[in-house]
Amino acid sequence: MRTMFPDSIQRVLVTGGAGFIGGAVVRRLLRETDVVVFNIDKLGYASDLSGIDQTLTDLRQEVQGRHQLLQVDLVDPAATAAAVRQADPDLVLHLAAESHVDRSIDGPEAFLHSNVIGTFHLLQALRQHWESLPLERQQRFRLHHISTDEVFGSLGPNGRFSETTSYDPRSPYSASKAASDHFVQAWHHTYGLPVVLTNCSNNYGPWQFPEKLIPVVILKALAGEPIPLYGDGCNVRDWLFVEDHVDALLLVATHGELGRNYCVGGSGERSNKEVVHAICSQLDGLRPQGEPHSNLIVSVADRPGHDRRYAIDPSRISGELNWQPRHSFEDGMAATVCWYMDHLDWCEKVQQQSGYGGERIGLRRG
Ligand code: NAD
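Residues numbered from 1 in each chain as written. Predicted model: local features only at pLDDT ≥ 70, side-chain atom pairs only at ≥ 80, totals over all residues. Heavy atoms only, no water.

(A) Local environment of the environment of Val14. Of note, Val14 is situated in strand 1 (residues 11-15). On the basis of relative accessible area, Val14 is assigned to the buried category, the value being 0%. Apart from the residues within four sequence positions on either side, Val14 is in contact with Gly22, Val25, Val26, Leu29, Val37, Phe38, Asn39, Ile40, Leu93 and Leu95. (Helix = DSSP H or I, 4+ residues; strand = E, 2+ residues; numbered from the N terminus. Buried < 20%, exposed > 50% of the residue type's maximum accessible area, 1.4 Å probe, protein only. Contact = heavy atoms within 4.5 Å.)

What follows is the structure, encoded as structure tokens:
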């Protein structure tokens, strides 16, 4: 079945497809198109293929051979070039990155390596691939680079980020993503590589590694453990359900204007405090524990340099490509809380595999 892809796209390379958003992209491609998906991932601490395996099992013979994992670290230029040659892609969605701000505070070098140097190696390999394609394939090839709204810095109480907002990254993570965005644009302007970019707000949903705010809160609340709230809890993010992000990515990848970036956000602005309380009150209904789960909330030291507010003006993508999020914050969050309640064994498995037990990181000690 081909619901959204031009027939000319047959081979799609996804980087970071063993991660949270990349996995959602791969699963969608397997379910709703008949392209062959090549998945470059180094299989780092946040990687897991259970979601993709489950989709492959559900679809059985329909997807025979349509997902090919290429375990490669983009930091290795020769392995990256070989993987690109093997994938021989018509379209590339580049999501591989170190993605957790707190980890970037403790260990910024890994972010420089994966997000900047890794992107550079991918660009070099893709440029070689693109230049060697026959004209007809060359004309329809494109790279979609997936970035974040964090490159724009921090907002006050008013205003929203848009495609014309100046870059002002303030964490090692956002600095590394901003640098990678600039490299991608430079390869477009200097070498003509056909690229599109998106800058998206915070995602949430199933299969997110349990170190980010929403799965951490759900798991702590279910375990009856203290729920950490950074600082005064008033930092605001524009939350987007991951499947809505996938809708946007596939639209931009196939119909976005070359050289252009698109801001993606769910108009789901919530303070961290509001998010945590929303999860707690949902769990009060689903898993009553005698007293409100919100009694478990404790204020902890704030993240160093914690950006105050992010918000997105999605006018370009909604006006030009007719994208709208399909899930309200309430619906997406309800589905996410239920999903984690049903997948506690997965959470335990990935935490054990990664050696991460839910402890606080990113406090700039030492
Ligand atoms: P994630 O951490 O869940 O997954 C990232 C994946 O990339 C992992 O499987 C990891 O192994 C892989 N990876 C990292 N470095 C690599 C390297 N050097 N070589 C090969 N593979 C490598 O991250 P995510 O939340 O799915 O984010 C995916 C992308 O979307 C990132 O580029 C991130 O900056 C961007 N983004 C994320 C959000 C969000 O809220 N999670 C919002 C906007 C943009």
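(B) Representation of the sheet that holds strand 4 (residues 91-94) within the structure. Here we have 7 strands laid out as an open sheet, ordered 3-2-1-4-5-6-11, and parallel in their pairing. Single-partner strands in this sheet number two, and they are strand 3 (67-71) and strand 11 (261-264). Strand-to-strand, the axes of this sheet are offset by a mean angle of 20°, without reference to chain direction. The sheet contact formed by strand 5 (residues 142-148) and strand 6 (residues 195-200) spans 6 bridges and is parallel. Looking at the pairing, His145 lines up with Leu197 of strand 6. Each of strand 1, strand 2 (36-41), strand 3 and strand 4 touches helix 1 (residues 20-32); the most contacted strand, strand 1, lies at about 160° to it. (Pairing = 2+ DSSP bridges. Axes fitted to C-alpha atoms, helices over the stretch in contact; angles between N-to-C directions.)

(C) Looking closely at the site of the ligand. In the vicinity of the ligand lie 30 residues, with Asp41, Ser47, Ser99, Tyr173 and Lys177 positioned nearest. Measuring from an oxygen atom of the ligand, one finds a side-chain N or O atom of Asp41 at 2.6 Å. Backbone polar atom of Ala97 to an oxygen atom of the ligand: 3.5 Å apart, as the coordinates give it. Protein chains bury 96% of the 840 Å² of accessible surface belonging to the ligand in isolation. Of all the secondary-structure elements, those providing two or more residues to the shell around the ligand are helix 1, strand 5 and helix 7 (172-191). (Near = heavy atom within 4 Å. Polar contact = N/O pair within 3.5 Å; in protein donor to acceptor, adjacent residues only side chain to side chain. Areas by Shrake-Rupley, 256 points an atom, 1.4 Å probe, with all protein chains shown as cover.)

(D) Spatial organisation of the side chain of Asn235. Mapped onto the fold, Asn235 is located in the loop between strand 8 (227-230) and strand 9 (236-238). Look at Asn235 and you get buried, because its relative accessible area is 1%. A polar atom in the side chain of Asn235 sits 3.3 Å from the side chain of His306. Ignoring any residue separated from it by four or fewer positions in sequence, one finds Asn235 in contact with Tyr230, Arg270, Ser271, Asn272, Asp302, His306, Asp307 and Arg308.

(E) Spotlight on the pairing of strand 3. Sheet analysis places strand 2 next to strand 3, joined by 5 bridges and oriented parallel. Bridge assignment links Ile40 to a residue of strand 3, and that residue is Leu70. In this region the chain leaves strand 2, passes through helix 2 (residues 50-59) and returns to the parallel neighbour strand 3; the handedness of that crossover is right-handed. (Right-handed = clockwise from strand over helix to strand, strands pointing away.)

(F) Broad picture of the nonpolar core. Core analysis: the biggest nonpolar cluster contains 31 residues, and Ile214, Ile227, Ile279 and Met333 have the highest contact counts within it. Secondary structure elements with two or more residues in this core: helix 8 (213-223), strand 8, helix 10 (272-286), helix 12 (329-342) and helix 13 (344-354). When neighbours within four sequence positions are excluded, Met333 is seen to be in contact with Tyr204, Ile214, Val275, Ile279 and Gln282. Core analysis: the next-biggest nonpolar cluster, separate from the first, contains 27 residues, Phe5, Val25, Leu30 and Val63 among them. (Core = buried A, V, L, I, M, F, W, Y, C linked by side-chain atoms within 4.5 Å.)

(G) Main features of the packing of helix 3 (residues 77-87) against helix 5 (residues 108-132). For the pair helix 3 and helix 5, interaxial distance at closest approach is 9 Å and the crossing angle is 40°. On the basis of the axis angle, helix 3 is oblique to helix 5. Here helix 3 and helix 5 pass one another in a crossing that is right-handed. In this structure, helix 3 uses Pro77, Thr80, Ala81 and Val84 to contact helix 5, whose residues at the interface are His121, Leu122, Ala125, Leu126 and His129. (Parallel < 35°, antiparallel > 145°, perpendicular 65-115°, else oblique. Left-handed = near helix turned anticlockwise from the far one by under 90°.)

(H) Fine view of the packing of aromatic side chains. Applying the stated criterion across every chain, the model contains 17 aromatic pairs. Seen in terms of ring centroids, Phe152 and Phe161 are 5.1 Å apart; in terms of plane orientation they differ by 40°. Their pairing is tilted. Under the relative-accessibility criterion, Phe152 is labelled buried at 3%. On the accessibility criterion, Phe161 (1% relative accessible area) is buried. Chaining the aromatic ring pairs together yields one cluster made of Phe120, Phe183, Trp187 and Tyr191. In this structure, Arg360 packs its charged tip against the face of Tyr230, placed 3.8 Å from the ring centre. (Phe/Tyr/Trp six-rings, centres within 6.5 Å; stacked < 30°, edge-to-face > 60°. Lys NZ or Arg CZ within 6 Å of the ring centre and 35° of its normal.)

(I) Quick peek at unusual backbone geometry. Look at Leu43: it is not a glycine, yet its phi comes out positive at around 55°. In this structure, Asp88 is a non-glycine residue whose phi angle is positive, near 45°. Considering the arrangement of structural elements, one finds Asp88 in the loop between helix 3 and strand 4. For Asp88, a relative accessible area of 25% puts it in the partly exposed group.

(J) Quick look at the pattern of salt bridges. Taken as a whole and assessed by the stated rule, the structure comprises 20 salt bridges. Its salt-bridge partner being Arg127, residue Glu131 comes within 3.4 Å of it at the nearest N-O pair. Of this pair, Glu131 and Arg127 both sit in helix 5, 4 residues apart, roughly one helical turn. (Salt bridge = Lys/Arg side-chain N within 4 Å of Asp/Glu carboxyl O.)

Fair warning: the whole summary comes from geometry, so function is off the table for now.
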